[in-house]
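# Observations on chain architecture
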Amino acid sequence: AARIGSLAGKVAERLQSGVSVGDVAGVLGIDSKFAERELRMIKSLSSGEALADHLEDSYYGSVGRACGFVAQVGEELEESVP
């Protein structure tokens, strides 16, 4: 019983010290590097960083102006004042 308590304590300590997505994926049999790449891709898509990385700055600005916004890469959209 003492060994089980000790093991549980070690597991809890490791979980609190910061388990990465790769660690969890590895336990499930998924390649940890693959899981880390997929997570970075999802974060990039959800933050809009992926869009900014794949559009030319001038194109992004033109689309924004056509829709009535001032659009600059890396900044929040602002309504265009006529």
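These remarks concern the structure in this document. The model shown is predicted, which means the values in this text are computed figures rather than measured ones.

### Observations regarding the overall build of the chain
Helix and strand counts for the chain stand at 5 helices and 2 strands. Out of the 82 residues in the chain, the part that is buried amounts to 11%. Partitioning the intrachain contacts of the chain with sequence separation of at least 6 by distance along the chain shows that 0% fall at a separation of at least 24. Accessible surface computed for the chain: about 6,900 Å², of which carbon and sulfur atoms make up 58%.

### Points about a nonpolar patch on the surface
A grouping of Val19, Val24, Val27, Leu28, Ile30 and Phe34 is seen on the molecular surface, where their side chains present a nonpolar patch of about 560 Å² in accessible area. Secondary-structure assignment places Ile30 in the loop between helix H2 (21–27) and helix H3 (32–47). On the accessibility criterion, Ile30 (40% relative accessible area) is partly exposed.

### Quick word on the side chain of Ser44
Locating Ser44 in the fold gives a position in helix H3. Take Ser44: its relative accessible area is 16%, and that puts it in the buried class. With residues up to four places along the chain from it excluded, the contact list for Ser44 reads Glu49 and Ala50.

### Notes on H3
With 16 residues, H3 extends 23 Å from end C-alpha to end C-alpha; this agrees with the ideal 22 Å at 1.5 Å per step. Once H3 finishes, Gly48 follows within two positions and takes phi at roughly 90°, a positive value.

### Remarks on helix H5 (residues 57–66)
Three or more residues of H5 are buried, namely Tyr60, Gly61 and Gly64. Angularly, the buried residues of H5 cover 95° about the axis, an arc narrow enough to put them on a single face. Positioned one or two residues after H5, Gly68 has a phi angle of 90°, which is positive.

Scoring rules and cut-offs
- Throughout, a residue's number is its position along its own chain's written sequence, starting from 1.
- At least 70 in pLDDT is required for a residue's local features to be given in this predicted model, at least 80 for side-chain atom pairs to be given and counted, and no such filter applies to totals for whole chains, interfaces and linings, which use all residues.
- Excluding hydrogens and water, the side-chain values take into account all heavy atoms of the structure.
- For the purposes of this entry, the term helix denotes a DSSP run of H or I that reaches at least four residues, the term strand denotes a run of E that reaches at least two, and both are numbered from the N terminus.
- Only protein chains enter the area calculation, which uses a 1.4 Å probe; residues under 20% of their type maximum are buried, those over 50% are exposed, and those in between are partly exposed.
- Working rule for contacts: check all heavy atoms of both residues, and any pair within 4.5 Å makes them a contact.
- Only the protein chains shown count as cover for residues, and the accessible areas themselves come from Shrake-Rupley with a 1.4 Å probe.
- Nonpolar side chains (Val, Leu, Ile, Met, Phe, Trp, Tyr) are joined into patches within 5 Å and like charges within 9 Å, using only residues with over 30% relative accessible area and no salt bridge.
- The salt bridge criterion pairs a side-chain nitrogen of Lys or Arg with a carboxyl oxygen of Asp or Glu, the two atoms within 4 Å.
- Take the residue count of a helix, subtract one, and multiply by 1.5 Å to get its expected span.
- This arc is built from the directions going out from the helix axis to the C-beta atoms.

Geometric descriptors of this kind do not, in isolation, establish any biological role.
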